[in-house]
Every structure is written in structure tokens, then in C-alpha cells.
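Remarks on the overall topology
What follows is the residue order along each chain.
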Amino acid sequence: MTFRKTVDDFLQTLAGGDPDAIAALFAETVDWKIVGSPAVPWIRHCTTRADVADFFRTMLGGFVPRETEARIGHILVDGPHAVVLGEVSQVIRANGRAFTTPFALHLTGEDGLITRYHIYEDSLTVAEAAA
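This structure is a prediction, so every number in the text was calculated from the model and none was measured.

1. Overview of the packing of aromatic side chains
- As enumerated under the stated definition, the model contains 13 aromatic pairs in all.
- Three or more aromatic residues joined by ring pairs form one cluster here, namely Phe-10, Phe-26, Trp-32, Phe-55, Phe-56 and Tyr-117.

As C-alpha cells, then:
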């Protein structure tokens, strides 16, 4: 299996919104980086597959599902590394505020599982929407 297939599976599973199915695509131990405000409920450090499931459960639960749109611009794969570039629009469930942010997601994989998840986004925009 190529890592591109793993990335495609991840993006498709993420769009499906099942936190446990998303987490199943990750290794038991993960190198995780997501920078942002501690006021945003889902911003947290993850090190295990269980942490990843909890992260996606909290994050996806914080958005209005039918108001989510992700646009992927490019997927670049070099061996076990992938970078996904795009833009996502969300509406915060708790307050109805909408936001749009560009993102870059760096993934690394091994044996068909994701071992690194580093996401870079406009965390100020996300924090302001969540406030």
C-alpha cells in the first residue's frame, strides 16, 4: 500500500465523521502538533490512538456538520511524507460563528498507518470564532 492511499483513506474517513474510524488509521503512538488557543475545546496534545479519537470526537462535535466544507488544493507525497494543502470552512455549534481558514497538514506514515499529524492553520481565526 502506498502512503498516498493512506492519505486518501484518511481524508475520506475524516469526511465521514466517525472519530473511531479516523483514529483506526493512526499508529498506537503518534507525533502530534496542533497549535492554537487553549480556549478552543479540541486543541490538545495527543500521543496515542485513543487521544486521537478523543480529539476528533471533540473537534467534530464542536461544529455544525452540514455547515462544513473542506477544499483540498494539493496533496504532495514523497515516500512516507505527505502534505495536504487546502481551506476549510466551519460553523461553531456553540455560538453559530462561521470561519474559514487555510491549512497545511503534514502527515507521515509507516505500515499503512499515520504516525505524524502536524497541522498548521490560522489559529487566531479559529480561536476568535470559538470565543
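We are not done yet, so read on.
2. As for the UniProt feature "domain: SnoaL-like" (unreviewed entry) in the protein
- The positions UniProt marks with the feature "domain: SnoaL-like" (unreviewed entry) are residues 7–117.
- Counting secondary structure, residues 7–117 comes out at 25% helix and 43% strand; the distance between its end C-alpha atoms is 11 Å.

3. Digging into helix H1 (residues 3–16)
- Here H1 is 14 residues long and its end C-alpha atoms lie 20 Å apart, about the 20 Å a rise of 1.5 Å per residue gives.
- For H1, every residue scored as buried is listed here: Phe-3, Thr-6, Val-7 and Phe-10. All buried residues of H1 fall inside an arc of 100 degrees around its axis, so they share one side. Counted as exposed and oriented over 90 degrees from the buried face of H1: Gln-12, Ala-15 and Gly-16.

4. Considering the sheet that holds strand E1 (residues 26–34)
- The strand order across the open sheet built from 5 strands is E1-E5-E4-E3-E2, with neighbouring strands paired in mixed fashion. Either end of the sheet is taken by a strand with one partner, and the two such strands are E1 and strand E2 (69–78). For this sheet, the mean inter-axis angle between neighbouring strands, taken without regard to orientation, is 20 degrees.
- Where helix H4 (residues 123–130) meets the sheet, it contacts strand E4 (98–110) and strand E5 (113–121), and its direction lies at approximately 125 degrees from that of E4.

5. Describing the nonpolar core
- Of all hydrophobic cores here, the largest spans 34 residues; its most connected members are Phe-10, Phe-26, Trp-32, Trp-42, Phe-56 and Tyr-117.
- If you list the elements that add at least two residues to this core, you get H1, helix H2 (19–23), E1, helix H3 (49–61), strand E3 (81–91), E4, E5 and H4.
- Top element by residues in this core is H3. It accounts for 5 residues.

6. Concerning the pattern of salt bridges
- Enumeration according to the criterion identifies 8 salt bridges in this entry.
- Linking Lys-5 and Asp-9 is a salt bridge whose minimum nitrogen-to-oxygen distance equals 2.9 Å. Separated by 4 residues within a single helix, Lys-5 and Asp-9 lie in helix H1, roughly one turn from each other.
- Asp-20 serves as the salt-bridge partner of Arg-57, at 2.8 Å between the closest nitrogen and oxygen. Of this pair, Arg-57 sits in helix H3 while Asp-20 sits in helix H2, and the two are 37 residues apart along the sequence.

7. Regarding H4
- Within H4, burial applies to Val-126, Ala-127 and Ala-129. Each buried residue of H4 sits inside an arc of 165 degrees when the element is viewed along its axis, so together they form one side.
- Against E4 and E5 lie the buried residues of H4.

8. Some words on the pairing of E4
- As paired strands, E3 and E4 are joined by 11 bridges and run antiparallel to one another. Its bridge partner lying in E4, Gly-86 is registered against Phe-103.
- When E4 meets E5, the two strands line up antiparallel, connected through 8 bridges. Following the sheet pairing, Leu-105 is matched in E5 by Ile-119.
- The turn joining E4 and E5, which pair antiparallel and follow one another in sequence, is formed by 2 residues; a positive phi near 55 degrees is taken by Asp-111.

Rules of the game
Residues numbered from 1 in each chain as written. Predicted model: local features only at pLDDT ≥ 70, side-chain atom pairs only at ≥ 80, totals over all residues. Heavy atoms only, no water. Phe/Tyr/Trp six-rings, centres within 6.5 Å; stacked < 30°, edge-to-face > 60°. UniProt positions renumbered as here; feature names shortened; annotations may be inferred. Helix = DSSP H or I, 4+ residues; strand = E, 2+ residues; numbered from the N terminus. Expected span 1.5 Å × (residues − 1). Buried < 20%, exposed > 50% of the residue type's maximum accessible area, 1.4 Å probe, protein only. Arc of directions from axis to C-beta. Pairing = 2+ DSSP bridges. Axes fitted to C-alpha atoms, helices over the stretch in contact; angles between N-to-C directions. Contact = heavy atoms within 4.5 Å. Core = buried A, V, L, I, M, F, W, Y, C linked by side-chain atoms within 4.5 Å. Salt bridge = Lys/Arg side-chain N within 4 Å of Asp/Glu carboxyl O.

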